[in-house]
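Notes for the structure review
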Amino acid sequence: MIQLHNVSMSYQSDISALNGINLRIPRGDFVFLTGVSGAGKSTLLKLLYAGLTPSRGQVLIDGQNVSRLTRAQIPYLRRTIGVVFQDFKLLPNRTVFENVAITLEVLGWSKKDIGKKVFHILKQMGLEHKINSTPLRLSGGEQQRVALARALVNDPKILLADEPTGNLDEENKEQILNIFKEANIRGTTVVVATHDRRLTEFCHKRRVVLEKGEITEDSYAQQ
Amino acid sequence: MPSNKPAKRPGLTNEGVIKRLAYFGFRAINNIRQNLFLSILTVGTITIAMLIIALFLLIFVNLEGATEDWSKRVQVVVYFEKELTAQEVAAFRMRIDSISGTDKVTYVSKDEAVKRFRARLKGQESLLEGVSADVLPASLEISLQKKSRDSEAVAAYVAGLKKIPGIGEVQYGDEWVRRFSTFMNFMRLMGALLGGFLLLAVIFIVSNTIKLTIYARKDEVEVLGLVGATRFFIKAPFLIEGILHGAAGSVLAIIILTLCYLGFLQNAGNFLSFNPADEGVSFLPFSYLAGLLLGGVVLGFLGSLTSLKRFIN
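It should be emphasised that the depicted structure is a prediction, and the values quoted were computed from it without experimental measurement. (Residues numbered from 1 in each chain as written. Chains lettered and ligands numbered in written order. Predicted model: local features only at pLDDT ≥ 70, side-chain atom pairs only at ≥ 80, totals over all residues.)

**Some thoughts on the overall build of chain A**
The test is simple: Going along the chain from the N terminus, every DSSP run of H or I of four or more residues is numbered as a helix, and every run of E of two or more is numbered as a strand. In this setup the radius of gyration rests on C-alpha atoms only. A globule is expected at 2.2 Å times the number of residues raised to 0.38. Residue burial here comes from a neighbour count, namely the number of other C-beta atoms, placed from the backbone, that lie within 10 Å of the residue's own C-beta, with 20 or more meaning buried, 12 or fewer meaning exposed, and in between meaning partly exposed. What counts as a contact here is a pair of residues whose C-beta atoms, placed from the backbone, lie within 7 Å.
Per the secondary structure count, chain A includes eight helices and ten strands. Against the globule reference of 17 Å for 223 residues, chain A gives a C-alpha radius of gyration of 17 Å, in line with a compact fold. By its C-alpha atoms, chain A is 50 × 40 × 30 Å across when sized along the principal axes. Relative to its 223 residues, chain A shows a buried fraction of 45%. Taking contacts inside chain A between residues at least 6 apart in sequence as the whole, the part at least 24 apart equals 70%.

**Observations regarding the overall build of chain B**
In terms of helices and strands, chain B carries nine helices and four strands. Listing each helix as α and each strand as β along chain B from the N terminus yields α-α-β-α-β-α-β-α-β-α-α-α-α. For chain B, the C-alpha radius of gyration of 32 Å lies well beyond 20 Å, the compact-globule estimate for 313 residues. Seen through its C-alpha atoms, chain B measures out along the principal axes to roughly 125 × 50 × 30 Å. Put simply, chain B has 313 residues, and 26% of those count as buried. Summarising the internal contacts of chain B: among those between residues at least 6 apart in sequence, 84% fall at separations of at least 24.

**Things to note about helix H2 (residues 36-71) of chain B**
Residues and elements named next belong to chain B. Selection rule: How far a helix is expected to stretch is found by multiplying one less than its residue total by 1.5 Å.
Between its first and last C-alpha, H2 extends 51 Å over 36 residues, near the 52 Å set by a 1.5 Å rise per residue. Of the residues making up H2, those classed as buried are Leu38, Thr42, Val43, Thr45, Ile46, Thr47, Ala49, Met50, Leu51, Ile53, Ala54 and Leu57. Contacts made by the buried residues of H2 are with helix H6 (174-215), helix H8 (231-271) and helix H9 (286-311).

**What about the sheet that holds strand S3 (residues 30-34) of chain A?**
Residues and elements named next belong to chain A. As a reminder of what qualifies: When DSSP finds at least two bridges between two strands, those strands are taken to pair. A fitted line through C-alpha atoms represents every axis, and for helices the fit uses only the stretch in contact; the resulting angles, taken between N-to-C directions, go from 0 to 180 degrees.
In spatial order, the strands read S6-S7-S8-S3-S9-S10; together these six strands make up an open sheet with mixed pairing. Every other strand in the sheet has two partners, leaving strand S6 (81-85) and strand S10 (214-218) as the edge strands with one partner each. Averaged over all adjacent pairs, the angle separating strand axes in this sheet is 20°, with direction ignored. Bridge count between S3 and strand S9 (residues 206-211): four bridges; the pairing is parallel. Bridge assignment links Thr34 to a residue of S9, and that residue is Val209. Running over the sheet, helix H5 (residues 140-152) touches S6 and strand S7 (158-162) and is turned about 165° from S6. Each of S3, S7 and strand S8 (189-194) is contacted by helix H6 (residues 170-185), which is oriented at about 155° to S8, the strand it contacts most.

**What about the domain arrangement of chain B?**
What counts here: Just so you know, the domain bounds were taken from an automatic or database domain assignment.
Domain assignment breaks chain B into domain 1 (17-69 + 182-311) and domain 2 (75-171). The distance between the C-alpha centroids of domain 1 of chain B and domain 2 of chain B comes to 50 Å.

**Some points on the nonpolar core**
For the record, the criterion: Structurally, a nonpolar core is described as a collection of buried Ala, Val, Leu, Ile, Met, Phe, Trp, Tyr and Cys residues joined by way of C-beta atoms within 7 Å.
Within the largest apolar cluster, 75 residues are counted, with the highest numbers of intra-cluster contacts made by A:Leu33, A:Leu48, A:Val100, A:Leu148, A:Ala149, A:Leu160 and A:Val191. If you tally residues by element for this core, the top one is helix H3 (residues 96-107) of chain A, at eight residues. Among the nonpolar cores identified, the runner-up in size contains 26 residues, and B:Met50, B:Val206, B:Ala248 and B:Leu292 belong to it.

**What about the packing of H3(A) against helix H4 (residues 111-124) of chain A?**
Residue and element names in this part refer to chain A. Note the following rule: Angles below 35 degrees are treated as roughly parallel, those above 145 as roughly antiparallel, those between 65 and 115 as roughly perpendicular, and all remaining angles as oblique. Left-handed is the label given to a crossing in which the near helix is rotated counterclockwise from the far helix by less than a right angle, and right-handed is the label when the rotation is clockwise. Amino acids outside the nonpolar list (Ala, Val, Leu, Ile, Met, Phe, Trp, Tyr, Cys, Pro) and the charged list (Asp, Glu, Lys, Arg) are all regarded as polar, and Gly is one of them.
Put simply, H3 and H4 touch, their axes get as near as 10 Å, and they point 120° apart. Between H3 and H4, the angle is such that the two are oblique. Every pair of crossing elements has a handedness; the one defined by H3 and H4 is right-handed. For the pair H3 and H4, the contacting residues are Val96, Phe97, Val100, Ala101, Leu104 and Glu105 in the first and Ile114, Lys117, Val118, Ile121 and Leu122 in the second. When grouped by side-chain class, the residues that make up the contact of H3 with H4 number nine nonpolar, no polar and two charged.

**Comments concerning the sheet that holds strand S2 (residues 102-108) of chain B**
Whether parallel or antiparallel, the strands of a sheet pair through hydrogen bonds between backbone atoms. Residue and element names in this part refer to chain B. Reading across from one edge, S2-S3-S1-S4 is the order of the four strands in this open sheet, with antiparallel pairing throughout. Each of the sheet's edge strands pairs with one partner strand only, and the pair in question is S2 and strand S4 (169-171). Sheet twist, expressed as the mean angle between neighbouring strand axes with direction ignored, is 20°. Pairing geometry for strand S1 (residues 75-80) and strand S3 (residues 138-144), over six bridges, is antiparallel. Paired with Phe80 across the two strands is Ala138, which belongs to S3. Its contacts with the sheet place helix H5 (residues 151-162) against S1, S3 and S4, and it is angled at close to 25° to S1.

In structure tokens form, the structure reads like this:
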């Protein structure tokens, strides 16, 4: 369960990115955060994985106040959250296998188990034949699937995606959305920030609209 | 709703200090392989930096050696009007030996003094015709230990020496000793200043190079942070890389220095008026080489540590 209570976030004293946000995302939910660029979508996602600390209010994940976590505790929160970005954030000088394996190396898995698990998830993503390629040799859709494999390989409780289809064509967008849906079916809470309205129309899920740092519409509340 | 089971955590490889270190070592070597250009850049910078320090030390050590030789000339001489008996020499020797700072005491009889004088006037012996051994006084020549060779220490030593009954005229070339002490102090000050500035410049250049190489890999640091790596997990391979870069840079610097030294010994005779091999131009002692290696390792480690602070909160 993700809860935001009266959360505000200012980067400078006079510029407010988020203003008095109240939001509740139950476990296993699938939410689209939409809004124009600068509406505060990315800021909200950053607050969820402790990339930022709110200026005011509380961010709770499974009852744990994220802003009160110490620097040493933050990594343990992040191990339960998968994050993907528009620019994929893949390491160009590592192979696809090594890019995905990072998540499990951090958890301290053995080499053998990492090999099995990474191969399994890359097969699910249809990338098993690219296992030894470097990201720069892959298409945009393939790179995003590698990023998704890295985010999902340890079966996280929450998956956060910031404009995940921003650089992709229609066919790849659909493929990526299907991966989100499958993860959601397996029980992962999915939060996707996007300004692409067609994406939310294609996939009938909860939609939270942000405008100038405030929630102006929440399809969940309307139900 | 299907429940989301957290990932099963299979057997760990990096539990236990040794296995953990082995993992970080493997990661560091892999990182060096994957970022070869940046590694070469870092090792190259450390090599040049350590070579500059090593060259400075080599010059300093040889100058120190030369001044050590010159300082051996600091000698206190006690003159006696009459020839001393063997018992008297032994008694004086015993009392002088008990003064702190005494290195060696040599008795020069009147005959010996004349012999030395004749040797110095070789070719002009006619000047000494008719000169008997009685003309020159007998003396005790006292060499001093290294710590007692500066002007103040020599003056204090002489004051102690004069307290011994029977000791009259004492000479120690006080003007020469004073000048020599001033020169040595100047040398030490210049050495410390030059060495200090050099060290600061080297630290500045190396730490900035490491900072740039880590900056080039800031995405890696960011991704590791996003997937839940602890700060230690992120830092450890970088720090091991820093140590390996430092060690490699130092070893290369020592190898280049050795080759330059050997090349200098072989060829310097061609363009210098003396042969450095005969003049005792020495190489850095082992302790200095070990210090250079350790310095490189510390430089690589601290350079990485301080640079990482900028990227890991």
